[in-house]
Amino acid sequence: MEGYAVNIIKNHHLFFILGASEDDLAKKLRKIAIQVAMRTNSSIEYLLNLPINDLFELVEDINEIDQARKEANGQ
């Protein structure tokens, strides 16, 4: 999920969405939820109702899995 970073500091999620201003934050969050839904074959409604921290934990998990796959494939 390129373009998104999740940083955990003392059990709090601080998230940075590249290029996001306050005005388009909700739109960016929806797009992240759509990408996660597509990657996990999950319901968009379910993901949109998740707390932001839970959504970003999923993003973090997906990024870790992608990285492990790349390393396993020698990329």
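Note: the structure precedes this text.
Residues numbered from 1 in each chain as written. Predicted model: local features only at pLDDT ≥ 70, side-chain atom pairs only at ≥ 80, totals over all residues. Heavy atoms only, no water.

Participant: Looking at this structure, I do not really get the overall build of the chain. What am I missing?
Facilitator: On a plain count of helices and strands, the chain comes out with three helices and two strands. Along the chain, helices (α) and strands (β) appear in the sequence β-β-α-α-α when read from the amino end. For the chain, buried positions account for 24% of its 75 residues. For the chain, restricting intrachain contacts to residue pairs at least 6 apart in sequence, the fraction spanning at least 24 positions comes to 42%. Accessible surface computed for the chain: about 5,600 Å², of which carbon and sulfur atoms make up 51%. (Helix = DSSP H or I, 4+ residues; strand = E, 2+ residues; numbered from the N terminus. Buried < 20%, exposed > 50% of the residue type's maximum accessible area, 1.4 Å probe, protein only. Contact = heavy atoms within 4.5 Å. Areas by Shrake-Rupley, 256 points an atom, 1.4 Å probe, with all protein chains shown as cover.)

Participant: Would you mind showing me how to read the nonpolar core here?
Facilitator: Soluble globular proteins tend to bury their nonpolar side chains together. Counting 11 residues, the largest nonpolar core consists of Leu29, Ile32, Ala33, Val36, Ala37, Leu47, Leu50, Leu55, Phe56, Val59 and Ile62. Elements with a minimum of two residues in this core: helix H1 (25-40) and helix H3 (52-72). Apart from residues lying up to four places away in sequence, Ala37 is in contact with Ser42, Ile44 and Leu47. (Core = buried A, V, L, I, M, F, W, Y, C linked by side-chain atoms within 4.5 Å.)

Participant: It is not clear to me how the pattern of salt bridges should be interpreted in this structure. Could you clarify?
Facilitator: Pairing between side chains of opposite charge can happen when the charged atoms of each approach one another. Taken as a whole and judged by the stated rule, the model has one salt bridge. With its nearest N and O atoms 2.7 Å apart, the salt bridge here joins Arg39 to Asp66. On the criterion of sequence distance, the pair formed by Arg39 in helix H1 and Asp66 in helix H3 is long-range, its members being 27 residues apart. Judged by its relative accessible area of 42%, Arg39 is partly exposed. (Salt bridge = Lys/Arg side-chain N within 4 Å of Asp/Glu carboxyl O.)

Participant: What is the right way to read a negative patch on the surface from this model?
Facilitator: A cluster of acidic side chains, namely Asp54, Glu57, Asp61 and Glu64, defines a negative patch on the protein surface. Classification of Glu64 by relative accessible area gives partly exposed; the value is 47%. (Patch = residues over 30% accessible without salt bridge, like charges linked within 9 Å, V, L, I, M, F, W, Y side chains within 5 Å. Lys, Arg positive; Asp, Glu negative; His and termini not counted. Charge placed at Lys NZ, Arg CZ, Asp CG, Glu CD.)

Participant: In this structure, what is going on with unusual backbone geometry? I would like to understand it.
Facilitator: Backbone geometry places Asn41, a non-glycine residue, at a positive phi of 55°. With respect to the element layout, Asn41 can be found in the loop between H1 and helix H2 (44-48). A relative accessible area of 72% places Asn41 in the exposed class.

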